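Here are the chains, one letter per residue:
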Amino acid sequence: TQAAMRAALALDVLMTLRGPSGVVHQRLLQTALKVSDGVPGISLRLRVEVFEALGKVCLDVGKLQESLPPLQEGIALARKIQDRGMEGRILSTMGLLEFDAGRLDAAEEHLQQALALLLASGDRRGEAHARNYLGIVNLAAGDVDRVDAAAESIEVGSSGVTPPNL
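Residues numbered from 1 in each chain as written. Predicted model: local features only at pLDDT ≥ 70, side-chain atom pairs only at ≥ 80, totals over all residues. Heavy atoms only, no water.

For this particular structure, what's the right way to read helix α6 (residues 104-121)?
Side chains that are three or four residues apart share a direction in an α-helix, a result of its 3.6 residues per turn. Its 18 residues place the ends of α6 25 Å apart at the C-alpha level, agreeing with the 26 Å of an ideal helix rising 1.5 Å per residue. Buried within α6 we find Ala107, Glu108, His110, Leu111, Ala114, Leu115, Leu117 and Leu118. Backbone geometry just downstream of α6 places Gly122 in the positive-phi region, at approximately 80°. (Helix = DSSP H or I, 4+ residues; strand = E, 2+ residues; numbered from the N terminus. Expected span 1.5 Å × (residues − 1). Buried < 20%, exposed > 50% of the residue type's maximum accessible area, 1.4 Å probe, protein only.)

Next up, the structure:
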């Protein structure tokens, strides 16, 4: 089952590169979680990664309500295994969920929490994503000064990492 979860994550990457895949993509990740639930010796970090991927897939296809449960489960499990980097990545995704739902204050709160965790864990790519998303949230809120500050911090704080696009 650990091999099945790794295969599901590999297929997740492939399907993501090919574009939105919706239902099939979502079912693949749900199945990986279902078959690995309660299996002794299964990598908990791997389950966190699959929860994160499932939340992102739901978010990418506009299923905001369906994206929240796997993200919440992923955060709870990341906290249980004390993986601050994964916790930060999932909080960053939750920031996008709040942004898509029009809740800019909640989006900023999640992203600030994510950024702190990603900085502490040394996850430079995740840090660049969180900073980029914070800039987008600030732009949507009309706070141009904070957008400029976020852009500068991406350049300074994340040398060698290409900022992501939404």
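Mind showing me how you'd approach helix α3 (residues 44-60) here?
Its 17 residues place the ends of α3 24 Å apart at the C-alpha level, agreeing with the 24 Å of an ideal helix rising 1.5 Å per residue. Counting buried residues in α3 gives twelve out of 17 residues, a clear majority hidden from the surface. For α3, every residue scored as buried is listed here: Leu46, Arg47, Val48, Val50, Phe51, Glu52, Ala53, Leu54, Gly55, Val57, Cys58 and Leu59.

Could you clarify how one ought to interpret the side chain of Ser36 in this entry?
With respect to the helices, strands and loops of the structure, Ser36 is situated in helix α2 (residues 23-36). Exposure remark for Ser36: the relative accessible area of 0% places this residue in the buried category. Engagement of the side chain of Ser36 in a polar contact is seen with the backbone oxygen of Leu33, the distance being 3.1 Å. (Polar contact = N/O pair within 3.5 Å; in protein donor to acceptor, adjacent residues only side chain to side chain.)

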